[in-house]
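# Observations on the model geometry
Spelled out from the first residue to the last, the chains are:
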Amino acid sequence: TLPRFSSGDLDPASLSEAFMRPKLSAGDLLYFPRGIIHHAPNKDSSAASVHLTISTFQRQTLYDLVQKTFEEAMSELWEEDETLRRA
């Protein structure tokens, strides 16, 4: 089972040896399946580099949908119904 939240930054020393070291050029895209740990340092300090990670699978469970829906509904009720705001 994969986690619902990102692991954050890991210490590179704690990782095993890389199994691939692709060389990417400007405009290239590299896909990693969910759960693959990756590290993308910029080897050329004279050039700018952007590393963008897009995750579409974290916090996308039925539980997350219900939680967000409930929060939105309660927020609307709170604004519309003054009796809910009375102590």
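Before any of the text, the structure's been laid out above.
Anyway, here's the lowdown on the structure attached to this text.

A tally of regular secondary structure across the protein chain gives one helix and zero strands. Rg of the C-alpha trace for the protein chain: 21 Å, well past the compact-globule value of 12 Å for 87 residues, more than 25% over. Each of the three principal axes of the protein chain carries a C-alpha extent, and together these read 60 × 35 × 25 Å. Of the accessible surface of the protein chain, which amounts to about 8,600 Å², a share of 57% is contributed by carbon and sulfur atoms. Where the 9 positive side-chain charges of the protein chain centre and where its 13 negative ones centre are 6 Å apart.

A word on the pattern of salt bridges. Throughout the structure, instances matching the rule amount to three salt bridges. A salt bridge links R21 to E17; the nearest nitrogen and oxygen atoms lie 2.6 Å apart. Residue R86 pairs with E82 through a salt bridge whose shortest N-O separation is 3.1 Å.

Before going further, it helps to examine the side chain of D64. Here D64 is to be found in helix α1 (residues 62–80). By relative accessible area, D64 is classed as buried at 8%. With near-sequence residues (within four places) excluded, D64 lies in contact with R4 and R59.

A separate point is a nonpolar patch on the surface. Judged by side-chain polarity, F19, M20, L24, L30 and I36 come together as a nonpolar surface patch covering roughly 470 Å² of accessible area. Structurally, M20 is set in the segment before α1. The exposure class assigned to M20 is partly exposed, which follows from its relative accessible area of 37%.

Attention now moves to the environment of P41. By the secondary structure assignment, P41 is in the segment before α1. Residue classification places P41 among the partly exposed positions, given a relative accessible area of 43%.

About the criteria used
- Residues numbered from 1 in each chain as written.
- Predicted model: local features only at pLDDT ≥ 70, side-chain atom pairs only at ≥ 80, totals over all residues.
- Heavy atoms only, no water.
- Helix = DSSP H or I, 4+ residues; strand = E, 2+ residues; numbered from the N terminus.
- Rg over C-alpha atoms; globule rule 2.2 N^0.38 Å.
- Areas by Shrake-Rupley, 256 points an atom, 1.4 Å probe, with all protein chains shown as cover.
- Lys, Arg positive; Asp, Glu negative; His and termini not counted.
- Charge placed at Lys NZ, Arg CZ, Asp CG, Glu CD.
- Salt bridge = Lys/Arg side-chain N within 4 Å of Asp/Glu carboxyl O.
- Buried < 20%, exposed > 50% of the residue type's maximum accessible area, 1.4 Å probe, protein only.
- Contact = heavy atoms within 4.5 Å.
- Patch = residues over 30% accessible without salt bridge, like charges linked within 9 Å, V, L, I, M, F, W, Y side chains within 5 Å.

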